[in-house]
Amino acid sequence: MINVIIQNTLFGIVTGSILVAGTLGFVMTERLDGFINIGHGQYLAIGAYLTYWFYRGLSFSFALSAILAVLLTAIIALCLHKVFFKPMHRFGVIPLIVTSIGLGGFLNGAVEYFGGPDPHSFNLPIYKVIKVGETSLLSKDFFYIILIGIVLIIIVHLFLQNTRIGKAFRAVSSNRELAIIKGIDLDFLDNFTWLFAGATGAIAGILLGVVGNLTPDMGWSQTMIIMSVAVLAGMGNIYGIMIASFIVGLIMDLGILILPSGYRPALAFAIMIIVLLIKPKGIFAK
Amino acid sequence: MNKKKNIFKQMLLISLCFMLWLGVSAFVQAQEEQEIRFGAVVPLTGELSATGVDAFKAAQLAVDDINSVGGILGRKLKLYSEDSKTNVEEGIKAAKKLILTNKTIAIYGPTSDVLIGMMDFCEQNKVPLVGAVSGSTRLDNIGGKYQYRTCPSDSYEGLVDAEFAYNELGLKKVSLITLNGEGTLSVAEGFRNTYLKIGGEILSDITVNPGQATYMSSIRAAFEQKPKGVLLSADINVTATIIKEWRRAGYEGIIMCGTDVDDSPKFVDLAGKDNLEGVYYTMIASDPDQVPYRIFEMKALTSIGRVAYGAPHSYDAITILALAAQAAGEATGEAIAENMRRVSNPPGVKVSSFAEGKSYLEMGEEINYEGASGACDFDEYGNVPGAFAKYVFDSNAKGNLVKFYPTGSIIIK
């Protein structure tokens, strides 16, 4: 039984690592602009499909394909912000959320139009699971996913604590008006945050493509899980997100030791509902 | 004077153009009124599209064959197609468009869940609906008036899969991984019932949902008790993901897939060519020794390039609908529905093509169509018995026939 628990814990950490990448940008844009971008999940699909196009379509190396996809998705996220969200900002939160839903639907349709409705695969080599004695751990590529998650956490931590932009971000997210009075360049910070959201979303999408296949709806199917993580963390708590991602990942993958595995995604939604009922501001809210 | 001439010329030109337009419109309208319209709701994209496209080409082949001998009742047959995207909502929208806009009088082709979703609408509009790849056991005891299928029920597939696993592969203990979907649950149910009945033991019975990022923990649960084999009843996307994770994990044992996968390039690309060797899959099949199948096979290989899953059944669905209209003497959905059994069930002269059936009908004989897929004898619920075949992937990801199960060859008490 201990082997099973170890293995499912590792699966949970892999899931958590992908969720970290998927949720960070979602929460940072919410923190800065004050609305939840329902269409954020589409950045995952765009990143994954661009990688597929570069890798399988143009035969670039996988690393180069992934880097180009991350950069392009970041630019797309910034452009969408400038064209759709920024002009809507003066109308308040509700029109922004409605815009994000519409935009999410449009992006989903665009992914399906260009990528086709059929599933696709990166077709990467399969690495065997590493075993220690009787215990199966993870394959090499899955360890890389955990590594990417950890590196992302360290980068975000260093960015928030040690850079001027990071400090400006913290200032704006805690008191937007005061930060503006103090002369923080909100436009620059806004641009940076949306670029970051697109880039991290793309990373999450690529990692999802590595562990599974690509489908046009992969963005939507991850949106609710991303929101569960954000709600658990307390919207806007960046450090809470990192912990909450792993909690949700672990609950989903350890939960099926008790419940039928068909309930795996439902566990994430159950977390969201329970937190909303008991502590609506999230367990890591300040 | 010249000015008047120019105006006259212009008027003449406009009048001629107008007359030409009227003539063309009248001709097109007459052609449209002449043609008999069937509809196709088929999975050209989506999870079951790996086989859907080629099966649809087989239906078009039937239309060509029908038109090559003068069509139905002297009128050309036209097949209007809509992509169901392997999705119930899209399928219902497609049925509405085909019936209300395109005025089709019969529809063929939807997969199980799509067929169940659209069957009431078709019946309300008196449009017969014939499935060619809809094996769901939920259809075993419904339909029969406006709903038929030329493929056998999944309950037969369950018999075949269970017998093959237990007797041919010698697997006395297996696990099940089933995708939460109409057709896939139906296949698993058929397998479970039969496998337990013949003495097998199911170690883990796991249902997974579509759209999950990974299935790692589900696979681990399925293999935890070290089964010698796992029945994987899922669509191509989930099957491909699970096969890759199974290879990654290095679990021992055999994977047996349901009828949703075959050696189509689409599935092989998704699952990875190097990961498929030794994986078994099931196909609804035709008896390769029967003449109607061999004729169809020759045509399909020439014009399509392969005999895809459900292709003979698609060909037969269109042919039976056409013969029913021919026998009825009128091209309406109601008349076709009333004559489905008359042309496909005994008694009557055995025929194996539209041309043959049409000639006998014109001579006043009753006919019994036996086509590329088999006998096509509909029971009271519009079901047919059918044959199956088990295949295994070789090292080049090509499917090799392991065992053919003729119609009615397995009876488990």
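In this text, all values refer to a predicted model and were calculated from it rather than measured experimentally. (Residues numbered from 1 in each chain as written. Chains lettered and ligands numbered in written order. Predicted model: local features only at pLDDT ≥ 70, side-chain atom pairs only at ≥ 80, totals over all residues. Heavy atoms only, no water.)

Undergrad: Please clarify how the packing of aromatic side chains should be interpreted in this entry.
TA: The geometry of an aromatic ring pair is captured by two quantities: the separation of the ring centres and the angle between the planes. The full count for this structure, using the stated rule, is 18 aromatic pairs over all chains. Aromatic pair Tyr55(A) and Phe62(A): ring centres 5.2 Å apart, planes at 85°, arrangement edge-to-face. By way of ring pairs, the aromatic residues Phe267(B), Tyr281(B), Tyr391(B) and Phe393(B) are connected into one cluster. Above the plane of the ring of Phe121(B) lies Lys96(B), whose end atom (NZ or CZ) is 5.8 Å from the centre. (Phe/Tyr/Trp six-rings, centres within 6.5 Å; stacked < 30°, edge-to-face > 60°. Lys NZ or Arg CZ within 6 Å of the ring centre and 35° of its normal.)

Undergrad: Just checking my understanding: could you explain the nonpolar core for this structure?
TA: The tendency in soluble globular proteins is for nonpolar side chains to be buried side by side. Among the nonpolar cores identified, the biggest contains 87 residues, and Val14(A), Ile18(A), Leu24(A), Ile145(A), Ile238(A) and Val248(A) are the most heavily contacted of them. With near-sequence residues (within four places) excluded, Ile18(A) lies in contact with Ile145(A), Ala204(A), Leu207(A), Leu208(A) and Val211(A). (Core = buried A, V, L, I, M, F, W, Y, C linked by side-chain atoms within 4.5 Å. Buried < 20%, exposed > 50% of the residue type's maximum accessible area, 1.4 Å probe, protein only. Contact = heavy atoms within 4.5 Å.)

Undergrad: Help me out: how do you make sense of the sheet that holds strand 1 (residues 36–42) of chain B in this one?
TA: Strand pairing in a sheet takes place through backbone hydrogen bonds and is either antiparallel or parallel in direction. Residues and elements named next belong to chain B. Judged by pairing direction, the sheet is parallel, and its five strands sit side by side in the order 2-1-3-4-5 without closing on themselves. Each edge of the sheet is formed by a strand with only one pairing partner; in this case those strands are strand 2 (77–83) and strand 5 (147–149). Here the strands of the sheet are splayed against their neighbours by 25° on average, with no regard to which way each runs. Packed onto the sheet, helix 11 (residues 311–328) meets strand 1, strand 2, strand 3 (106–108) and strand 4 (129–131) and runs at close to 165° relative to strand 3. Here helix 12 (residues 333–344) sits on the sheet in contact with strand 1, strand 3, strand 4 and strand 5, set at roughly 40° to strand 5. (Pairing = 2+ DSSP bridges. Helix = DSSP H or I, 4+ residues; strand = E, 2+ residues; numbered from the N terminus. Axes fitted to C-alpha atoms, helices over the stretch in contact; angles between N-to-C directions.)

Undergrad: Teacher, can you tell me more about the packing of helix 11 of chain B against helix 13 (residues 354–362) of chain B here?
TA: Two packed helices can be described by the angle between their axes and the distance between those axes. Residue and element names in this part refer to chain B. Direction vectors running N to C along helix 11 and helix 13 enclose 15°, while the axes themselves pass 10 Å from each other. Judged by the inter-axis angle, helix 11 sits roughly parallel to helix 13. By crossing handedness, the relation of helix 11 to helix 13 is classed as right-handed. Along its contact with helix 11, which presents Thr-319, Ala-322, Leu-323, Gln-326 and Ala-327, the element helix 13 presents Phe-354, Gly-357, Lys-358, Leu-361 and Glu-362. (Parallel < 35°, antiparallel > 145°, perpendicular 65-115°, else oblique. Left-handed = near helix turned anticlockwise from the far one by under 90°.)

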